[in-house]
Amino acid sequence: MKVKVLSSRLVKPAYTAGEVPVPATEYIPLSIFDKVTFEMQMAIIYAFAPPAPTTASIEKGLALVLAQYRAFAGQLGESPDGTPSVILNDRGARLIEASVDADLVDMAPSKPTPELLKLHPDLEAEHQEVVLLQLTRFRCGSLAVGFTSNHVVADGHATSNFLVAWGRATRGLPMGLPPVHHQKDLFKPRSSPRVEHEHRNREYYLPSPTDVVGHHGDAADNIVIHKAHFTKDFIAGLRAKASEGRGRPFSRFETILAHLWRTMTRARDLSPEETSKIRLSVDGRHRLGQPAEYFGNMVLWAFPRSTVGDLLNRPLKHAAQVIHDEVARVDGAYFQSFVDFASSGAAEKEGLARSAVCKDAHCPDVEVDSWLTFPFYELDFGTGSPSYFMPAYFPTEGMLFLAPSNFGDGSVDAFVPLFQENLQAFKECCYSME
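Criteria and cut-off values
Residues numbered from 1 in each chain as written. Predicted model: local features only at pLDDT ≥ 70, side-chain atom pairs only at ≥ 80, totals over all residues. Heavy atoms only, no water. UniProt positions renumbered as here; feature names shortened; annotations may be inferred. Salt bridge = Lys/Arg side-chain N within 4 Å of Asp/Glu carboxyl O. Helix = DSSP H or I, 4+ residues; strand = E, 2+ residues; numbered from the N terminus. Buried < 20%, exposed > 50% of the residue type's maximum accessible area, 1.4 Å probe, protein only. Axes fitted to C-alpha atoms, helices over the stretch in contact; angles between N-to-C directions. Parallel < 35°, antiparallel > 145°, perpendicular 65-115°, else oblique. Contact = heavy atoms within 4.5 Å. Nonpolar A, V, L, I, M, F, W, Y, C, P; charged D, E, K, R; others polar. Pairing = 2+ DSSP bridges. Domains from an automatic or database assignment. Buried area = accessible area lost by both parts, 1.4 Å probe. Polar contact = N/O pair within 3.5 Å; in protein donor to acceptor, adjacent residues only side chain to side chain.

- Identification of the protein chain as agmatine N(4)-coumaroyltransferase from Triticum aestivum is taken from an unreviewed UniProt entry.
- Recorded in UniProt for the protein chain, the comment headed Sequence similarities (unreviewed entry) runs: "Belongs to the plant acyltransferase family."

What follows is the structure, encoded as structure tokens:
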């Protein structure tokens, strides 16, 4: 598939009378949560069937929503006093128009493939903008919207708020409550700081010269992303099996993740004595009493762990319970303990680094990004919801993405990156309830 780039331009905020900010440039200091999150581009691909929305209407809506979400029209940098900040300077979001002399059905994949990299701006290139968009129109009239944003500026919760507001602005509707930004003294340590949990080996780690992080060489050549589709009935059966004898059933998320943890572990053919752990994000907004409109990062991580022998030889309930208990542990007290530790200066003094780093492979571990509760399908530019959306091609073995299916019937799609040699074994067990 050859994509022809037609234009590239900046879309700046469009302020209405009386909305022009004073001063023109402001600075939002990065929070302690921004400083421990992943330094990467979040990338999503949307597809809209014909009649697709016009570029003019999408661009107009983008300019309007950027006036409310100025951080996505700004840049990462420093304030005049040297504080790492999001600079609200209205530089704008990068908009790229492109076309393809083919029908969407000819390349619309059921799972992320390298072809998807052509539908959004280059993730490996250096970009001055926080948000980059690519609108790719197909011969059949369909439209692909490739959206990327800098994770340091906003987490998935905040980004989904922006996307819904963008659609509403395009349709001429009220955008909803405005974003609430970080303020310098928002996350303050207690008057008598109490570090009640271990953070040095969770949000941080002590790097060594032999550490290998980031993406290197041709590791991606041996990784394939498999899409597993779990129907509503299959999920109900899994939940019933996992929750048997338990007063309150496990959640859909806990059940699906427990199932995938076990099936991936079985497919990897690991030794029973090995330990496998999951890294999964926990939203701190309600845990710290912050509004849903908080715009930035407010996520820490839970790390469920189990031996391979226990995962495979004990019932599904074991894995689900381990996940449930570890997420419950990351409560408001845990978040406040992190605030006290991160504000103490100990991490800088001891040379600790953020543990949230991109890798080529996680085996024997798993990382999961769950989009099950994000309203991504509510991005409506006036012609209806997208026909599908999925993560961009991100070939990191063991990094799962969970998303609601485009069927809208309660089914779930899991995007599972695996080594080629483990794919067949995964396929053979991923739909088994055993």
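So that's the structure; there's more coming.
### Considering the pattern of salt bridges
(1) Moving on: As enumerated under the stated definition, the model contains 21 salt bridges in all.
(2) Moving on: Across the pair glutamate 326 and arginine 329 runs a salt bridge whose closest N-O atoms are separated by 3.6 Å. On the criterion of helical spacing, the pair formed by glutamate 326 and arginine 329 is a turn pair, its members being three residues apart in helix H7 (residues 316-329).
(3) Moving on: When its relative accessible area of 11% is taken as the criterion, glutamate 326 is described as buried.

### A few points about the packing of helix H4 (residues 232-242) against helix H5 (residues 252-268)
(1) Moving on: Close contact between H4 and H5 brings their axes to 9 Å; oriented N to C, the two are set at 90°. Judged on the interaxial angle alone, H5 and H4 are roughly perpendicular. Across from Phe234, Ile235, Leu238, Arg239 and Ala242 in H4, the residues of H5 making contact are Arg252, Thr255, Ile256 and His259.
(2) Moving on: By residue class, the composition of the contact of H4 with H5 is five nonpolar, two polar and two charged.

### Quick notes on the sheet that holds strand S7 (residues 131-138)
Strand-to-strand pairing in sheets goes through backbone hydrogen bonds, with the strands running parallel or antiparallel.
(1) Moving on: The mixed open sheet is built from six strands, whose spatial order is S1-S6-S7-S8-S3-S18. Among the strands making up the open sheet, the edge pair consists of strand S1 (3-11) and strand S18 (388-391). Each strand axis lies, on average, 15° off the axis of its neighbour in the sheet, ignoring direction.
(2) Moving on: Direction of pairing for strand S3 (residues 41-48) relative to S18: antiparallel, over a ladder of four bridges. The residue bridging isoleucine 44 from the neighbouring strand is proline 391, located in S18.
(3) Moving on: Contacts from helix H1 (residues 55-68) reach S1, strand S6 (93-100), S7 and strand S8 (143-150), with the element oriented near 35° to S1.
(4) Moving on: Across the sheet, helix H3 (residues 156-170) touches S3, S7 and S8, and the angle it forms with S8 is around 140°.

### So, the domain arrangement of the protein chain
(1) Moving on: Assigned domains of the protein chain: these are domain 1 (3-181) and domain 2 (219-388 + 395-430).
(2) Moving on: Taking the mean C-alpha position of each, domain 1 and domain 2 sit 25 Å from one another.
(3) Moving on: Contacts between the two partners involve 54 residues from domain 1, matched on the other side by 44 residues from domain 2.
(4) Moving on: Across the domain 1/domain 2 interface, buried area totals approximately 4300 Å², and carbon plus sulfur atoms make up 67% of it.
(5) Moving on: Contact with domain 2 buries area across many residues of domain 1, yet Phe33, Phe38 and His157 alone supply 17% of it, more than any other trio.
(6) Moving on: Across the salt bridge formed by arginine 285 and aspartate 155, the nearest N and O atoms sit 3.0 Å from each other.
(7) Moving on: Across the domain 1-domain 2 interface, the total number found is 18 residue pairs in polar contact (both at pLDDT 80 or more).
(8) Moving on: Sorting the residues of the side of domain 1 that touches domain 2 by element identifies S3, H3 and strand S9 (180-181) as the ones contributing at least two each.
(9) Moving on: Take the side of domain 1 that touches domain 2: its biggest share by element is twelve residues, from H3.
(10) Moving on: Residues of the side of domain 1 that touches domain 2, tallied by class, amount to 36 nonpolar, eleven polar and seven charged.

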